[in-house]
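Read off the chains here:
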Amino acid sequence: MKIFHLQLKTGTKGKAVGHSDYIRREGRYRSREDLIDVGCGNLPAWAEDSGRAFWAAADAHERMNGAAYREFIVALPNELVGSRSRELVQDLIHFLAGAKPYEYAVHAPEASLEGGMNMHLHLMVSDRMPDGFQRSAPQMFRRYNSYRPEAGGCRKDACGRTSVQVRESLIETRQMVASIINDHLQRNGITERVDHRTLKEQGVGRRAERHLGAFRIREMAQSERIAYVDARRSMRSNDRL
């Protein structure tokens, strides 16, 4: 069973441009050599096909304490490379972003502990849903006007949903993302599959592994790394028994 990972983050007003630079490996992140692919889509005309220009407008005009973007981080199978990986990424974007403005990047850094690639998708998505009305950058991020949509900003996707509905939507999203990945694994002749369910729901008794982070791993002694990797492999082997 391949490892499934989907994480949803929220970026507040003022942080969108910086994060766009991060995923595109621009500015102070230019030295990182793990960028595989970048792109953007569904942008308004005033953005001129520049994701950074769109996020700069979101930082400037989004409502105070509002979400400037949502970010999906999805682990991608290392077996799918080149055009096969791009096809999977485009299907994931089509599902996760829909018609909303987005920017994406695919990173493939070396796995810190066990080597090999750690290929994953970063997808920044705006909550602002296009509705056919042409708006300037400042107007797009204003409050939505239900009586006169053309006079207000674009409606936000999460508007009016309760916390329970948001949580249920995330569960459905995880299930669909796993289904999309498995479909691509199958069509490419790869027998392994991902499972979006928790370990408990899968009937696995152990706890989920704790994410150590790059800093913690760098601080580990070589013997400690080896012991941690051996224990991790042993637990995964027991899961298959």
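Quick look at the structure, then. (Residues numbered from 1 in each chain as written. Predicted model: local features only at pLDDT ≥ 70, side-chain atom pairs only at ≥ 80, totals over all residues. Heavy atoms only, no water.)

**Considering the overall build of the protein chain**
Looking only at helices and strands, one finds seven helices and five strands in the protein chain. Mapped from its N terminus to its C terminus, the protein chain presents α and β elements in the order β-α-β-α-β-α-β-β-α-α-α-α. Per-residue burial over the protein chain gives 39% buried out of 241 residues. Across the protein chain, contacts joining residues at least 24 apart in sequence account for 69% of those joining residues at least 6 apart. When the accessible surface of the protein chain is totalled, it reaches about 14100 Å², and 49% of it is carbon and sulfur. (Helix = DSSP H or I, 4+ residues; strand = E, 2+ residues; numbered from the N terminus. Buried < 20%, exposed > 50% of the residue type's maximum accessible area, 1.4 Å probe, protein only. Contact = heavy atoms within 4.5 Å. Areas by Shrake-Rupley, 256 points an atom, 1.4 Å probe, with all protein chains shown as cover.)

**Comments concerning the packing of helix α1 (residues 16-24) against helix α2 (residues 51-61)**
The interhelical angle for the contact between α1 and α2, taken along N-to-C directions, is 155°, at an axis separation of 8 Å. In terms of orientation, α1 and α2 fall into the roughly antiparallel class. Across from Ala16, Val17, Ser20, Asp21 and Arg24 in α1, the residues of α2 making contact are Arg52, Trp55, Ala56 and Asp59. Here the contact of α1 with α2 is built from residues that sort into four nonpolar, one polar and four charged. (Axes fitted to C-alpha atoms, helices over the stretch in contact; angles between N-to-C directions. Parallel < 35°, antiparallel > 145°, perpendicular 65-115°, else oblique. Nonpolar A, V, L, I, M, F, W, Y, C, P; charged D, E, K, R; others polar.)

**A few points about helix α3 (residues 83-97)**
Relative to the 21 Å expected for 15 residues at 1.5 Å per residue, α3 spans 20 Å between its end C-alpha atoms, a close match to the ideal helical length. Within the sequence span of α3, burial applies to Ser85, Leu88, Val89, Leu92, Ile93, Leu96 and Ala97. End-on, the buried residues of α3 take up no more than an arc of 135°, which puts them together on one face. Packed against the buried residues of α3 are β3 (67-75), β4 (102-107), β5 (120-125) and α5 (163-187). (Expected span 1.5 Å × (residues − 1). Arc of directions from axis to C-beta.)

**Points about the sheet that holds β4**
Within the open sheet, the five strands sit side by side as β1-β3-β5-β4-β2. Their pairing is antiparallel. At either end of the open sheet lies a strand with only one pairing partner, and these are β1 (6-12) and β2 (35-41). In this sheet, adjacent strand axes meet at a mean angle of 15° when their direction is disregarded. Across the face of the sheet, α1 comes into contact with β1, β2, β3, β4 and β5 while running at roughly 35° to β4. (Pairing = 2+ DSSP bridges.)

**Description of the pattern of salt bridges**
Taken as a whole and judged by the stated rule, the model has 13 salt bridges. With a closest N to O distance of 2.7 Å, Glu26 and Arg30 form a salt bridge. For Glu26, a relative accessible area of 25% corresponds to the partly exposed category. Residue Asp157 is joined to Lys100 by a salt bridge in which the shortest nitrogen-to-oxygen separation is 2.8 Å. Of this pair, Asp157 sits in the loop between α4 (137-140) and α5 while Lys100 sits in the loop between α3 and β4; the two residues are 57 residues apart in sequence, bridging distant segments of the chain. Judged by its relative accessible area of 30%, Asp157 falls in the partly exposed class. For Lys100, a relative accessible area of 12% corresponds to the buried category. Salt bridges linked by common partners bring Asp21, Arg24, Arg52 and Glu103 together as one network. (Salt bridge = Lys/Arg side-chain N within 4 Å of Asp/Glu carboxyl O.)

**Concerning the nonpolar core**
Leu121 and Leu123 are the most contacted members of the largest nonpolar core, which has 27 residues in total. Those elements that provide at least two residues to this core are β3, α3, β4, β5 and α5. A total of six residues in this core trace back to one element, the largest contributor, which is α3. In this structure, Ala47, Tyr69, Met124 and Ala137 belong to the second largest nonpolar core, which totals 17 residues. (Core = buried A, V, L, I, M, F, W, Y, C linked by side-chain atoms within 4.5 Å.)

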